[in-house]
Amino acid sequence: MKRIYVIGAGVEGQEGFGRRDLELVAACDLLLGGERQLEFFPEFTGERLAIGSNLAEVVETLKQLADDKSAVVLASGDPLFFGIGRTLLRNLPEEELEFVPNISSVQYAFAKIKVPWDDTIFISAHGRGLKGAVDRIVANDKAAVLTDEQNTPAVIAAELIRRGRDGYAAWLCENLGAPEERIVATDVKGLLEIEAAPLNVLILIKEYETGGDEYVPTLGIPDEEFATIKKLITKEEVRVITLAKLKLRHDMTLWDVGAGSGSVSIEADHLLPNGRIFAVERNEQCLAFIRENMQSFNARRVSLVEGEAPDCLDDLPDPDRVFIGGSGGNLWEILEAVDGRLPADGRVVLNAVTLDTLTAACDFFENAGYQIEVTTVNIARTRPLTDYKLFEAYNPVYIIAAVKD
């Protein structure tokens, strides 16, 4: 059986390879790697193939390797850490592959700045894009980012500033292990002034929250804390029951359709530390309020989706939970779109204030085979600043919880 060894090159050049690494290279029939990595072995006399953007050619060459031959693929650091290892595992039999990791650039960078890295999230801007990368940065306190030609440290910094999330200390670590190695300690705004080398690792560590005082996570944030159109907010007590009915787990994806003020999304933000929340809204005034509330409450996992449902739902990842606070007259179409994307045992919670909405939603869920539970919530609060303790009643809300069979 052919053997393919995927060996990580450390940041120290050839000196970073172990004895077994060098023996495998010397004995192999085919050596693959980047131009710089191939230069580590000028004495190698076998067949060589330089790896650039031609990963399909690399895979095909390895597939055609004879059963009695061996190949070495030189990678950077740990081949399974944002490296070529993922591509090889997808396209070649696992039993033909052996991985020999080395120190990654991220590990080396943290050692250089003398900061523990076991609580870091790791992000590659390549393929994920600017929005996806920054979404993950703002959701965490410590991030190591592998940038690319389009999503440079300065571009990432500009997006963080645009979102009002610039309270990070920053280390720009360039050309690690090379003679021109440079590590610059700065902040997010300082990154705007630096032209980074193509080979870099960007480390960001949260120092403070920007855009207002950090709100202590709690259920039932008072309604008056939100910027909103008075009629377009899920009341505090109803919000708590709604979140309970959603039965959120820490790593779920939640759609908040007809987000209004974004109050449900913002409270869910504290309940989904490893999840993702998409607040969907079409009303321009509400969109402005959602942005203001996201800033005020330092919402870190909430992404605002501007548009009319169900059309704007196509590009979102499939949900585990869906809350529908408003439908804009498209209730049936929204429910059809949700039903097509929701997994088995997925849960939809819908708040209705009219019997028409209650009836239409229940009809849809019953026809689609969902298990349904309806809770009627009647709220009355004492009136403030009055001589007598009188109660002011609010319109009843019907909370429909539907579970997909």
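Structure: above.
Reference entry: report on the structure contained in this document.

Basis of the calculations
Residues numbered from 1 in each chain as written. Predicted model: local features only at pLDDT ≥ 70, side-chain atom pairs only at ≥ 80, totals over all residues. Heavy atoms only, no water. Helix = DSSP H or I, 4+ residues; strand = E, 2+ residues; numbered from the N terminus. Buried < 20%, exposed > 50% of the residue type's maximum accessible area, 1.4 Å probe, protein only. Contact = heavy atoms within 4.5 Å. Areas by Shrake-Rupley, 256 points an atom, 1.4 Å probe, with all protein chains shown as cover. Lys, Arg positive; Asp, Glu negative; His and termini not counted. Charge placed at Lys NZ, Arg CZ, Asp CG, Glu CD. Pairing = 2+ DSSP bridges. Axes fitted to C-alpha atoms, helices over the stretch in contact; angles between N-to-C directions. Right-handed = clockwise from strand over helix to strand, strands pointing away. Arc of directions from axis to C-beta. Phe/Tyr/Trp six-rings, centres within 6.5 Å; stacked < 30°, edge-to-face > 60°. Salt bridge = Lys/Arg side-chain N within 4 Å of Asp/Glu carboxyl O. Core = buried A, V, L, I, M, F, W, Y, C linked by side-chain atoms within 4.5 Å.

## Some details on the overall build of the protein chain
Phase 1 of the analysis: Each helix and strand in the protein chain was counted, giving 13 helices and 19 strands.
Phase 2 of the analysis: Summarising its shape, the C-alpha atoms of the protein chain cover approximately 90 × 50 × 30 Å along the three principal directions.
Phase 3 of the analysis: Within the protein chain, the fraction of its 405 residues that count as buried is 49%.
Phase 4 of the analysis: Excluding contacts between residues fewer than 6 apart, the proportion of contacts in the protein chain whose partners are at least 24 apart in sequence is 66%.
Phase 5 of the analysis: A total of about 20,200 Å² of accessible surface is found on the protein chain, and carbon and sulfur atoms cover 49% of it.
Phase 6 of the analysis: A distance of 4 Å separates the average location of the 41 positive side-chain charges in the protein chain from that of its 66 negative side-chain charges.

## Describing the sheet that holds strand 2 (residues 30-33)
Phase 1 of the analysis: Read from one edge to the other, the open sheet built from five strands follows the order 3-2-4-1-5, with strand pairing classed as parallel. In this open sheet, the two strands that pair with only one neighbour each are strand 3 (47-50) and strand 5 (97-100). The sheet shows a mean angle of 20° between the axes of neighbouring strands, direction not considered.
Phase 2 of the analysis: The sheet contacts of helix 1 (residues 19-27) involve strand 1 (3-9), strand 2, strand 4 (70-76) and strand 5, and relative to strand 1 the element is tilted by about 135°.

## Topic: the pairing of strand 11 (residues 253-257)
Phase 1 of the analysis: Buried residues dominate strand 11, accounting for five of its five residues.
Phase 2 of the analysis: In strand 11, alternate side chains face the same way, and those of Thr253, Trp255 and Val257 on one face and Leu254 and Asp256 on the other are all buried.
Phase 3 of the analysis: Of the pairings in the sheet, the one linking strand 11 to strand 12 (residues 276-281) comprises five bridges and is parallel in character. From the neighbouring strand, Leu254 faces strand 12, where its bridge partner is Ile277.
Phase 4 of the analysis: Running through helix 10 (residues 263-269), the crossover from strand 11 to the neighbouring parallel element strand 12 is right-handed.
Phase 5 of the analysis: In terms of strand pairing, strand 11 meets strand 14 (residues 321-324) through four bridges, oriented parallel. The partner of Trp255 across the bridge, within strand 14, is Val322.

## Topic: unusual backbone geometry
Phase 1 of the analysis: With an omega dihedral of 10°, the bond running from Ala309 to Pro310 counts as a cis peptide bond.
Phase 2 of the analysis: As for its placement among the helices and strands, Pro310 is situated in the loop between strand 13 (302-306) and strand 14.
Phase 3 of the analysis: In this structure, Asn298 is a non-glycine residue whose phi angle is positive, near 50°.
Phase 4 of the analysis: Note that Asn298 resides in the loop between helix 11 (284-296) and strand 13.

## Quick look at helix 9 (residues 236-246)
Phase 1 of the analysis: Of all the residues in helix 9, the buried ones are Val238, Arg239, Thr242, Leu243 and Leu246. All buried residues of helix 9 project into a common sector of 135° when viewed along the axis, lining one side.
Phase 2 of the analysis: Against the buried residues of helix 9 lie strand 11, helix 10, strand 14, strand 15 (347-352), strand 16 (371-377) and strand 19 (397-403).
Phase 3 of the analysis: Downstream of helix 9 by a residue or two, Lys247 has a phi angle that is positive, lying close to 50°.

## Re the packing of aromatic side chains
Phase 1 of the analysis: Per the stated rule, a full pass over the model turns up nine aromatic pairs.
Phase 2 of the analysis: With a centroid separation of 6.0 Å and an interplanar angle of 70°, the aromatic rings of Trp117 and Phe122 are classed as edge-to-face.
Phase 3 of the analysis: Judged by centre distance (5.0 Å) and plane angle (85°), the ring pair of Trp332 and Phe364 falls under edge-to-face. Here the residue Trp332 occupies a position in helix 12 (residues 331-341), and Phe364 occupies one in helix 13 (residues 355-367), the gap between them amounting to 32 residues.
Phase 4 of the analysis: Each member of the aromatic cluster is reached from another via a ring pair, and the members are Phe81, Phe82, Trp117 and Phe122.

## Details of the pattern of salt bridges
Phase 1 of the analysis: Across all of its chains, the model carries 22 salt bridges by this definition.
Phase 2 of the analysis: Between Lys131 and Asp135 there is a salt bridge, with the nearest N and O atoms lying 3.0 Å from each other. Of the two residues, Lys131 and Asp135 are both situated in helix 6 (residues 125-138); the distance of four residues between them amounts to about one turn of the helix.
Phase 3 of the analysis: Take Asp135: its relative accessible area is 15%, and that puts it in the buried class.
Phase 4 of the analysis: Between Arg239 and Asp223 there is a salt bridge; the shortest N-O distance is 2.6 Å.

## Here we look at the nonpolar core
Phase 1 of the analysis: In this structure, Leu246, Ala268 and Leu272 are the most contacted members of the largest nonpolar core, which totals 30 residues.
Phase 2 of the analysis: Mapped onto this core, the elements with two or more residues apiece are helix 9, helix 10, strand 12, helix 11, strand 13 and strand 19.
Phase 3 of the analysis: Ala268 has contacts with Leu243, Leu248, Leu254 and Ile277, leaving out every residue within four places of it along the chain.
Phase 4 of the analysis: Of all hydrophobic cores here, the second largest spans 28 residues; its members include Val257, Leu331, Phe364 and Phe365.

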